[in-house]
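Chain by chain, the residues run as shown.
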Amino acid sequence: MSSEIDLRYVAQLARISLSEEEESVLGSQLKDILGYIEKLKEVDVAGVEPTAHAFPQTNITRRDEEQPSLSNAEALKNAPADANGLFLVPKIVE
Amino acid sequence: MLNQLTLTELVERLEDRQVSSCAVTQDCLDQIKRVDSELHAFLSCDSEDALAQAKAADQAMTAGVTHREKPLLGVPVAIKDIIAVRNQPMSCGSRILHDYLSPYDATVISRLRAAGAVVFGRLNMDEFAMGSSNENSAFGPVRNPWDTTRIPGGSSGGSAAAVVADECIASLGSDTGGSVRQPAALCGCVGLKPSYGRVSRYGLVAYASSLDQVGCCAKRVRDAAVLLEALSGMDPRDSTTVPQPVPHYTSALTGEIKGLRIGLPKEYMVGGLDAEVETAIKAAVKQFAKLGATVVDVSLPHTDYAIATYYIIATAEASANLARFDGIRYGLRVEGSDPAELYSRTRGDGFGVEVKRRIILGTYVLSSGYYDAYYLRAQKVRTLIRSDFLKAFEQVDAILTPTTPTPAFRIGEKTGDPLQMYLSDIFTISANLAGICGISLPCGFTRDPKLPIGLQLQGKPFAEETILRLAHAYEQSTTWHKERPRIGERK
């Protein structure tokens, strides 16, 4: 494990723009936090299965039947921009 | 002042038709007007809608509907701003959702409505439930009703403060690492986190899906038991809810705890524990022994790794869950020259610094080359933490600890050092990793200033009856729960 973090790169992966001030504060704080997290290296985890959920339930399905859901108008109610019953987004493909 | 009634007292009076739901709802709304400019527990409150629901409840009672059929009929319950209530705002304490209106009811809201409750208010919180002090709310912090220069705890700070200040009869919160129990302890009320899977998360905005659970704040243990029964049960809309039957929780409140075994984890009585908290907890342990419980030492050897494990798993899950806030379908949008710039600007402007910190940390621990070292290792340590608890529960029925290492700290005291803030969650965080249930209740006060101290009981998965029974017996044999803050009296 390394405590070094390329903050600009990770922020770009997370799609979060940071101000210069945020970069400098977050950089040192994340270094501290990652330093603290290093302590997990002390634990012997050989042969231990990972836990993703405390009570995993599998194959929870329902019958494939149509059920009521939000109307088009309700689904678009909170949209920052919409047109013709669709979410309006910036051009993606030239 | 009907707003000062406990839920159980209110239900008795509503049943006897001594009071109306309109009158108690109005008293809650008046109390909000009186004290909330100081407390800031509510982000908003639709009084008209609350009174309309109260009127409907009164009409139902007149028409003969009983509290046996609808146990919460006419009871005003306030809601944390992270739980969807149809046509009400839901900001999650964030600028990115500042103008969002929920298009549907969360399952817990449908259940409250089915039980007859008056569902009202949007309770302030740390942004997206990330925080231990409420200072991460984009709209300014909630203040502690016992001392308004201090934090109420978080992230459900509004839920606890509103109950303690009698602005509502009870409230809903959410608990991912202690977010119901910790503010309940610091404000001085009962806070219950059910076992993972007991209560539906449908309509609860996701922070860390494998840890999140809806809980409640209430004035008494019995009130929390009534609420839990209304909230619990399998939900086809949340595949992580369990099929276990829902017990009649109030039947467990017999006052009889002889023969129950309580474990004290030796790893918890360590450095950093405030002296007055320690004294109060030791006195509570004696009280439980006096009531007939057997107290024994237990060991939870991986306690020291819980916070590191939590801040990897929770942030990893958060980085995925919060990807949905991208300025496309709802919430804030800041335009950019291409979609990627739009996302980055929207999220850069819309999220506060703690949310950014956690998303970035979560993105990092999941990123290529680090996944095994951080995320996978944390999941394995989670297994060890969970098996510590399950082993301890082979010897005991419940585990008793302080809820928090210290009483409420001052606003601003820890904001510069997030790691110190994270460390204050040490006693509550493991329950979420292990999926077990926990309850916090008042067990004393510090001397000067006078601040509440909370004790936590943790129980086996789906053994809420046991911790409620223990908590109720203790509560009924002490007077801490009867103390009231002086907020609002000075004017």
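See above for the structure.
One structure accompanies this document, and this report is about it. (Residues numbered from 1 in each chain as written. Chains lettered and ligands numbered in written order. Predicted model: local features only at pLDDT ≥ 70, side-chain atom pairs only at ≥ 80, totals over all residues. Heavy atoms only, no water.)

As a further point, take the overall build of chain B. Along the backbone of chain B there are 15 helices and eleven strands. A compact globule built from 491 residues should have a C-alpha radius of gyration of about 23 Å, and chain B, at 21 Å, falls within 12% of that. Seen through its C-alpha atoms, chain B measures out along the principal axes to roughly 65 × 55 × 45 Å. When contacts within chain B are restricted to residue pairs at least 6 apart in sequence, long-range pairs at least 24 apart make up 77% of them. Accessible surface for chain B amounts to roughly 15,900 Å². Of this, 49% is attributable to carbon and sulfur atoms. Put simply, chain B has 53 plus and 55 minus side-chain charges, and the middle of one group is 2 Å from the middle of the other. (Helix = DSSP H or I, 4+ residues; strand = E, 2+ residues; numbered from the N terminus. Rg over C-alpha atoms; globule rule 2.2 N^0.38 Å. Contact = heavy atoms within 4.5 Å. Areas by Shrake-Rupley, 256 points an atom, 1.4 Å probe, with all protein chains shown as cover. Lys, Arg positive; Asp, Glu negative; His and termini not counted. Charge placed at Lys NZ, Arg CZ, Asp CG, Glu CD.)

So, about the packing of aromatic side chains. The way to describe two aromatic rings as a pair is by their centre distance and the angle between their planes. Residue and element names in this part refer to chain B. Inspection of every chain in the model, using the stated rule, returns 19 aromatic pairs over all chains. Both rings, one in phenylalanine 288 and one in tyrosine 474, keep their centres 5.1 Å apart while their planes meet at 15°; by these two values the pair is stacked. Of this pair, phenylalanine 288 sits in helix H8 (residues 275–290) while tyrosine 474 is found in helix H15 (residues 464–476), placing the two residues 186 residues apart along the sequence. A relative accessible area of 0% places phenylalanine 288 in the buried class. (Phe/Tyr/Trp six-rings, centres within 6.5 Å; stacked < 30°, edge-to-face > 60°. Buried < 20%, exposed > 50% of the residue type's maximum accessible area, 1.4 Å probe, protein only.)

Attention now goes to empty space enclosed by the protein. All names here are of chain B. As enumerated under the stated definition, the model contains four cavities of 30 Å³ or more in all. Of the voids in this model, the largest cavity is the one considered here, and its volume is about 90 Å³. Considering the residues around the largest cavity, the lining is formed by 15 residues, among which Gly131, Gly177, Ser179, Tyr310 and Asp425 are closest to the centre. Of the residues belonging to the lining of the largest cavity, the class tally is six nonpolar, seven polar and two charged. (1 Å grid on protein atoms, 1.4 Å probe; cavity = no way out; pocket = protein on both sides within 12 Å on 5 of 7 lines; lining within 4 Å. Points joined across faces, edges and corners; volume = space filled by probe spheres on them. Nonpolar A, V, L, I, M, F, W, Y, C, P; charged D, E, K, R; others polar.)

Pairs of packed helices are described in terms of their axes, by the angle between the two and the distance that separates them. All names here are of chain B. Put simply, helix H4 (residues 107–114) and helix H7 (residues 221–231) touch, their axes get as near as 8 Å, and they point 110° apart. Judged on the interaxial angle alone, H7 and H4 are roughly perpendicular. In the packing of H4 onto H7, the handedness of the crossing is right-handed. Taken together, the residues of H7 that come into contact with H4 (itself represented by Val108, Arg111 and Leu112) are Leu227, Ala230 and Leu231. Taken together, the residues of the contact of H4 with H7 break down into five nonpolar, no polar and one charged. (Axes fitted to C-alpha atoms, helices over the stretch in contact; angles between N-to-C directions. Parallel < 35°, antiparallel > 145°, perpendicular 65-115°, else oblique. Left-handed = near helix turned anticlockwise from the far one by under 90°.)

The next thing to look at is the pairing of strand S11 (residues 452–459) of chain B. Both faces of the sheet carry side chains from a regular strand, because those side chains alternate between them. All names here are of chain B. Of all the eight residues making up S11, eight are buried; the element is thus mostly covered by neighbouring parts of the structure. Side-chain alternation along S11 places Pro452, Gly454, Gln456 and Gln458 on one buried face and Ile453, Leu455, Leu457 and Gly459 on a second face that is also buried. Here strand S9 (residues 398–402) pairs with S11 via five bridges, running antiparallel. Within S11, the position partnered with threonine 401 by the bridge is glutamine 456. (Pairing = 2+ DSSP bridges.)

Residue and element names in this part refer to chain B. Residues Leu112 and Phe128 are the most contacted members of the largest nonpolar core, which totals 174 residues. No other element matches the ten residues that helix H9 (residues 306–321) contributes to this core. Ignoring any residue separated from it by four or fewer positions in sequence, one finds leucine 112 in contact with Leu72, Val77, Ile79, Ala117, Val119, Leu172, Leu227 and Leu231. (Core = buried A, V, L, I, M, F, W, Y, C linked by side-chain atoms within 4.5 Å.)

All names here are of chain B. Along the chain, threonine 346 turns up in helix H10 (residues 339–350). Residue classification places threonine 346 among the buried residues on the basis of a relative accessible area of 0%. Within the structure, threonine 346 has its side chain in polar contact with the backbone nitrogen of valine 334 (distance 2.9 Å). Setting aside residues up to four positions removed in sequence, threonine 346 forms contacts with Ile96, Asp326, Gly327, Leu332, Arg333 and Val334. (Polar contact = N/O pair within 3.5 Å; in protein donor to acceptor, adjacent residues only side chain to side chain.)

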